[in-house]
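Below, each chain spelled out in residue letters.
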Amino acid sequence: MHTASASAGHGDGAARGGGPRPEPLRFFGTSWVGHDNGYAARRAGAAVGSLAAAVASCLVLRFAFDGIRIADTGAFVTVLIVVMFAICSALAFRNTWEGFTKRHDPQRQASLRGLLAIGFVGSLLAYFFRSLTEAPGERLHREEYEKAREAHERRTTRRTGHPSKKKRGR
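Predicted, not measured: the structure shown is a model, and the values here were computed from it. (Residues numbered from 1 in each chain as written. Predicted model: local features only at pLDDT ≥ 70, side-chain atom pairs only at ≥ 80, totals over all residues. Heavy atoms only, no water.)

Trainee: Would you explain the overall build of the protein in this entry?
Mentor: When helices and strands are tallied, the protein shows 8 helices and 0 strands. In sequence order, the secondary structure elements of the protein are arranged as α-α-α-α-α-α-α-α. The buried share of the protein, taken over its 170 residues, is 27%. Nonlocal contacts in the protein, meaning residues at least 24 apart in sequence, comprise 67% of its contacts between residues at least 6 apart. On the protein, roughly 11600 Å² of surface is accessible, and the fraction owed to carbon and sulfur atoms is 61%. (Helix = DSSP H or I, 4+ residues; strand = E, 2+ residues; numbered from the N terminus. Buried < 20%, exposed > 50% of the residue type's maximum accessible area, 1.4 Å probe, protein only. Contact = heavy atoms within 4.5 Å. Areas by Shrake-Rupley, 256 points an atom, 1.4 Å probe, with all protein chains shown as cover.)

Trainee: How should helix α8 (residues 138–156) be read in this particular structure?
Mentor: One turn of the α-helix equals 3.6 residues, which is why residues spaced by three or four share an orientation. In this model α8 runs 26 Å from its N-terminal to its C-terminal C-alpha over 19 residues, within 8% of the 27 Å that 1.5 Å per residue would give. Listing the buried residues of α8 in full gives E138, L140, H141, Y145, A151 and H152. One side of α8 holds all its buried residues, which, seen down the axis, span an arc of 165°. Away from its buried face by more than 90 degrees, α8 exposes K147 and R154. (Expected span 1.5 Å × (residues − 1). Arc of directions from axis to C-beta.)

Trainee: Mind showing me how you'd approach the side chain of E138 here?
Mentor: Mapping E138 onto the fold places it in helix α8. Looking at E138, the relative accessible area reads 4%, which means it is buried. Engagement of the side chain of E138 in a polar contact is seen with the side chain of H35, the distance being 2.7 Å. For E138, the contacting residues outside a window of four places in its chain are L25, W32, H35 and Y39. (Polar contact = N/O pair within 3.5 Å; in protein donor to acceptor, adjacent residues only side chain to side chain.)

Trainee: Hey, could you run me through the confidence of the model for the protein in this one?
Mentor: Detailed reading of the predicted coordinates is not advisable wherever pLDDT is low. For the protein, mean pLDDT is 83; residues scoring 70 or higher make up 82% of the total. Of all helices and strands in the protein, the one with the weakest mean pLDDT is helix α1 (residues 13–16) (47), whereas helix α7 (residues 120–131) scores best (95). Taken together, the stretch residues 1–15 has pLDDT below 50 and engages in 20 contacts with residues farther than four places along the chain or on a different chain. (pLDDT = per-residue confidence, 0-100.)

Trainee: Which parts of the structure should I look at to understand the pattern of salt bridges?
Mentor: A side chain with one charge may pair with a side chain of the opposite charge, provided their charged atoms come close. This structure, assessed with the given rule, holds 8 salt bridges. For R103, the salt bridge is made with E23, and the minimal N-O distance between the two is 2.9 Å. Taken together, the positions of R103 in the loop between α4 (75–99) and α5 (106–111) and E23 in the loop between α1 and α2 (31–34) put the pair 80 residues apart, joining distant regions of the chain. The shortest N-O distance in the salt bridge between R130 and E134 comes to 2.9 Å. For R130, a relative accessible area of 3% gives the class buried. (Salt bridge = Lys/Arg side-chain N within 4 Å of Asp/Glu carboxyl O.)

Trainee: Would you mind showing me how to read the environment of V48 here?
Mentor: Relative to the elements of secondary structure, V48 occurs in helix α3 (residues 39–70). Counting along the chain gives 84 residues from V48 to L132, while the straight-line C-alpha distance between them is 9.7 Å.

Trainee: Looking at this model, I keep getting lost on the layout of surface pockets. Mind explaining?
Mentor: Think of a ball as big as a water molecule: rolled over the atoms, this probe shows where empty space is left. In this model, the largest pocket occupies a volume close to 740 Å³. Looking at the largest pocket, it is lined by 25 residues, and the ones nearest its centre are R26, T96, G99, F100 and Y127. At the level of elements, α3, α4, α7 and α8 are the ones that each hand at least two residues to the lining of the largest pocket. Looking at the lining of the largest pocket, the element that brings in the most residues is α3, giving 4 residues. When the residues that make up the lining of the largest pocket are grouped by side-chain class, the tally is 10 nonpolar, 11 polar and 4 charged. What the second largest pocket holds in volume is close to 200 Å³. Every residue lining the second largest pocket is listed: L61, R62, A64, F65, I68, I81, V82, F85, A86, S89 and V121. Those elements giving two or more residues to the lining of the second largest pocket turn out to be α3 and α4. Within the lining of the second largest pocket, the residues separate by chemical class into 9 nonpolar, 1 polar and 1 charged. (1 Å grid on protein atoms, 1.4 Å probe; cavity = no way out; pocket = protein on both sides within 12 Å on 5 of 7 lines; lining within 4 Å. Points joined across faces, edges and corners; volume = space filled by probe spheres on them. Nonpolar A, V, L, I, M, F, W, Y, C, P; charged D, E, K, R; others polar.)

Okay, here's the thing in C-alpha cells:
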C-alpha cells in the first residue's frame, strides 16, 4: 500500500499530497516525469541497446537464412520466409509505434502475439527510433498523468469561507 510519505520520494508534488502517482516506464521508472535521475543516459542506453539488439537479431536471422539455403529447400520457400519476416517486422513496428501513443486492446494484442514474436526486429527498431526523441511511451503516460492530476485537483479544490455564513442579497 502506498502512503503519501512513501510517494514523497518520487519528487512529484501531486503524489506527495496523496494524488495520482506516475506510472513507471520500463527502463525509466518515474524519471520521465521530471527528466531526472539519469533520464538522458537511460534514453541513450535504450536507443543503443535496442539498436544493438536489432543488429544482433538480424545476424541471427542471417544464419537461419543461410541454414535454409544450405538445406536447398528451393527458391519459393526462401522467398516466402524473407517476405514473412519483412511483413511481420513491418506490422510489429507499426503496432509498437502505435502503442507509444495509445493503449492497445488486450484481446487484440493476445491475438497478435505470434505475429509480433516473428516481427521482433520491427519492435526493436520502433523502440530505437522512439528513444531518439523521448522515453518510449512517455507521451501517452504524460497525457494520462496530467489528466489524472487535473481531475484530482478539481476534486480536492476547497471552497473559501463557510457556506452557511454566506451573505444573501435581500
